[in-house]
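Residue strings, one per chain:
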Amino acid sequence: MSNASRFSQASNSQAASSGLRLLVLSNGHGEDIIAVRILQELQRQPNPPEIFALPLVGEGRAYEQLDIPFIGSVHNMPSGGFIYMDGRQLARDVRGGLLQLTLSQIKAIRRWVSSQKKLGNNRAILAVGDIVPLLFAALSGANYAFVGTAKSEYHVRDEAGLLPKKSKGISWENFSGSVYHPWERWLMSRRRCKAVFLRDALTTEILKQWPIPALSLGNPMMDGLEPTFSSAQFYSLASHQQETVRPFVVTLLPGSRPPEAYNNWETITIAVSALLTSFQQRNSIFHTSGTVVFLGAIAPGLDCNILSQSVQSQGWRIVSESPIPIPDPNLLTFKQRNAYLLLTQQAYNDCLHLGDVAIAMAGTATEQFIGLGKPAIAIPGKGPQYNPGFAQAQSRLLGSSLTLVDQPAEVAKIVQSLFKDPDNLQIIAENGVQRMGKPGAALRIAQCLQQRLG
């Protein structure tokens, strides 16, 4: 069934009821996933709203699991949604029909609001992402709420005050006293804006200087990350001896978008080779630790054959046995000396929880790994997403939990340094949780939406 016919059937069936009709706007794959987490919790609430969606970037496949109808057309842009990082990407999107798509989306939103009003339905909009869905929500004429996923005051300050201005762009980002600029704050302070959900307490505190309904209920990015095993099963207090021989696990996060992720993988494998060499040296703290496992968390949209060829060209050979249990029947396992390299496209959460440290060239995945209290080492790539500008901004956001290196060979030295200092690892663990928040945000936001929009 087409989205248009699903929308028509849903609208007709709703005419007899009087509950809330909620339209969700999101602008990116990560934002779609965050929106869906909130909507799942919203659907579990008493008298849940009827939900519609309009993904502003991409095809919005995350919504398919909830069978939510779209109110307008969706279309992939050449940039994949990263126009704010590169003017050339914006130009490509304009040539690809960005302006026409934007105008059609605004018309679709206003048409939806108008149709719900004529039916006498209570209607509202949930905007998830950055200023684009926020602006569209403000232009709709309906009440709205905003989940700000893109910005945090940690980009320019920490609890002690503003960061040194040596980082390029900090002065511009904070020119008006917040990372949210005056025009964004104006949209968040309108009478029809009923709630603004920020990703951390520091950002909420800053925005409360203005008449903005700012709330700190946590970051939905940390929801839905439960592993397939219990932490007691893996870190049992009764098996200290088992813990001492547990493999040292390095999680590899190359990103999700081709062809960038393939280029990132080539860079990461150079770091893996350097790290493997350093582990063999007698002055390494891992010299007698036994097995090392490199655990590749590969997005479902990537071709593992391409990654596998790259791995084998660097001396890894395919083997059948895995040193750790991974619930993936298509797991690819490689071995070299006393090290294993695993590629999985079905055990993302386990990859995050099993890793002691990550080599990262990704956006959301890096932040989630760090939110679990673990250190990550990042290598800026050529983009369009994980370029030097993005990596620098992410480094400010995540603080001491993320270390940037210019060259992949430098990763080995950083790993050795990190694990020689248990006190610093404890600081990193606390920092990650503080900056990314604890699980449960989606439920808290859903409950608040029921109160403020219902």
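Predicted model, so just to flag it, every value in this text is computed and none were measured.

Chemist: So what exactly am I meant to see when it comes to the overall build of the chain here?
Modeler: For the chain, the count of helices and strands is 18 helices and 16 strands. Looking at the chain residue by residue over its 454 residues, the buried ones come to 53%.

Chemist: Help me understand the sheet that holds strand β15 (residues 376–378), please; the structure alone is not making it clear to me.
Modeler: Across a sheet, strands are paired by hydrogen bonds formed along the backbone, either parallel or antiparallel in direction. Spatial strand order, β11-β12-β13-β10-β9-β14-β15-β16: eight strands in an open sheet with mixed pairing. Because the sheet does not close on itself, it has two edges, and the strands there are β11 (317–318) and β16 (402–404). Inspection of the sheet shows strand β10 (residues 292–297) paired to strand β13 (residues 339–344) by six bridges, in the parallel sense. Bridge pairing in β13 places F294 opposite L341. The strands that helix α11 (residues 260–280) touches are β9 (248–253), β10, β12 (332–336), β13 and β14 (357–360); relative to β9, the one it contacts most, it runs at about 165°.

Chemist: Would you explain the nonpolar core in this entry?
Modeler: The nonpolar side chains of soluble globular proteins are, as a tendency, buried together. F294 and I359 are the most contacted members of the largest nonpolar core, which has 104 residues in total. Residue contributions to this core peak at nine residues, all from α11. Excluding its chain neighbours within four sequence positions, the residues that come into contact with F294 are V250, L252, V272, L275, L276, W316, A339, Y340, L341 and L342. Judged by nonpolar contacts, the second largest core, of 31 residues, contains F52, L56, I125 and A142.

Chemist: Would you explain the packing of α11 against helix α12 (residues 304–312) in this entry?
Modeler: For any two helices packed against each other, one specifies the inter-axial angle together with the distance between the axes. It is the contact of α11 with α12, at a shortest axis distance of 11 Å, that shows an interaxial angle of 25°. When the interaxial angle is binned, α11 and α12 end up roughly parallel. The handedness of the crossing between α11 and α12 is right-handed. Contacts between α11 and α12 involve Y262, W265, E266 and T269 from the former and I306, L307, S310 and V311 from the latter. Residues of the contact of α11 with α12, tallied by class, amount to five nonpolar, two polar and one charged.

Chemist: What am I meant to see in the sheet that holds strand β8 (residues 214–215) here?
Modeler: Spatial ordering of the open sheet is given by β2-β1-β3-β4-β7-β8, a layout of six strands whose pairing is parallel. The open sheet is flanked by β2 (50–55) and β8, the only strands paired with a single partner. Summarising the sheet, strand β3 (residues 122–129) and strand β4 (residues 143–148) pair through six bridges and their orientation is parallel. Paired with A127 across the two strands is F146, which belongs to β4. Sitting on the sheet, helix α2 (residues 29–43) touches β1 (20–26), β2, β3 and β4, and the angle it makes with β1 is about 160°.

Chemist: What is the right way to look at the pattern of salt bridges in this model?
Modeler: Proximity of charged atoms lets side chains of opposite charge pair with each other. Evaluation of the coordinates by the stated rule reveals six salt bridges. In this structure, E41 and R44 form a salt bridge, with 3.0 Å as the shortest nitrogen-oxygen distance. Close ionic contact of E59 with R61 constitutes a salt bridge, the shortest N to O distance being 2.6 Å. E59 sits in the partly exposed class, given a relative accessible area of 30%.

Chemist: I tried to follow the side chain of S140 on my own but got confused; where do I start?
Modeler: Looking at where S140 falls in the secondary structure, it is placed in the loop between α5 (131–139) and β4. Taking the relative accessible area as the measure of exposure, S140 reaches 5% and is therefore buried. Separated by 3.1 Å, the side chain of S140 and the backbone nitrogen of A142 make a polar contact.

Chemist: Quick question: what am I supposed to make of the side chain of E31 here?
Modeler: Relative to the assigned elements, E31 resides in helix α2. Although E31 lies buried, it forms no salt bridge, and the closest oppositely charged side chain, R257, sits 6.4 Å away as judged by the N-O distance. Once residues lying within four places of it in the same chain are set aside, the contact partners of E31 are S26, V128, G129 and T149.

Chemist: Even after reading the chapter, I still don't get the pairing of β3, so can you show me in this structure?
Modeler: Each regular strand carries side chains that alternate between the two faces of the sheet. Counted residue by residue, β3 has six buried out of eight residues, so it is predominantly covered. Taken together, the seven bridges between β1 and β3 define a ladder with parallel strand orientation. Of the residues in β3, the one forming a bridge with S26 is V128. Crossover connection from β3 via α5 to parallel β4: handedness right-handed.

Chemist: Where do I start with a nonpolar patch on the surface in this structure?
Modeler: Residues W172, F175 and W183 make up a contiguous nonpolar surface patch of roughly 370 Å² in combined accessible area. Classification of F175 as partly exposed rests on a relative accessible area of 44%.

Chemist: Help me out: how do you make sense of unusual backbone geometry in this one?
Modeler: For residues other than glycine, phi is negative in most cases, and the peptide bonds are mostly trans. Backbone torsion omega between P258 and P259 reads 0°, so that peptide bond is classified as cis. The omega torsion across G383 and P384 is 20°, close enough to zero to call that bond cis. Looking at the element boundaries, P384 is found in the loop between β15 and α15 (388–398). Phi at R337 takes a positive value of approximately 55°, unusual for a residue other than glycine.

Chemist: Is there a simple way to explain the environment of I34 in this structure?
Modeler: In this fold, I34 is placed in helix α2. For I34, a relative accessible area of 4% puts it in the buried group. Sequence spacing of I34 and G224 is 190 residues, and the spatial spacing of their C-alpha atoms is 9.9 Å. Leave out the neighbours within four places in its chain, and I34 touches V128, T149, P220 and M221.

Definitions and cut-offs
Residues numbered from 1 in each chain as written. Predicted model: local features only at pLDDT ≥ 70, side-chain atom pairs only at ≥ 80, totals over all residues. Heavy atoms only, no water. Helix = DSSP H or I, 4+ residues; strand = E, 2+ residues; numbered from the N terminus. Buried < 20%, exposed > 50% of the residue type's maximum accessible area, 1.4 Å probe, protein only. Pairing = 2+ DSSP bridges. Contact = heavy atoms within 4.5 Å. Axes fitted to C-alpha atoms, helices over the stretch in contact; angles between N-to-C directions. Core = buried A, V, L, I, M, F, W, Y, C linked by side-chain atoms within 4.5 Å. Parallel < 35°, antiparallel > 145°, perpendicular 65-115°, else oblique. Left-handed = near helix turned anticlockwise from the far one by under 90°. Nonpolar A, V, L, I, M, F, W, Y, C, P; charged D, E, K, R; others polar. Salt bridge = Lys/Arg side-chain N within 4 Å of Asp/Glu carboxyl O. Polar contact = N/O pair within 3.5 Å; in protein donor to acceptor, adjacent residues only side chain to side chain. Lys, Arg positive; Asp, Glu negative; His and termini not counted. Right-handed = clockwise from strand over helix to strand, strands pointing away. Patch = residues over 30% accessible without salt bridge, like charges linked within 9 Å, V, L, I, M, F, W, Y side chains within 5 Å. Areas by Shrake-Rupley, 256 points an atom, 1.4 Å probe, with all protein chains shown as cover.

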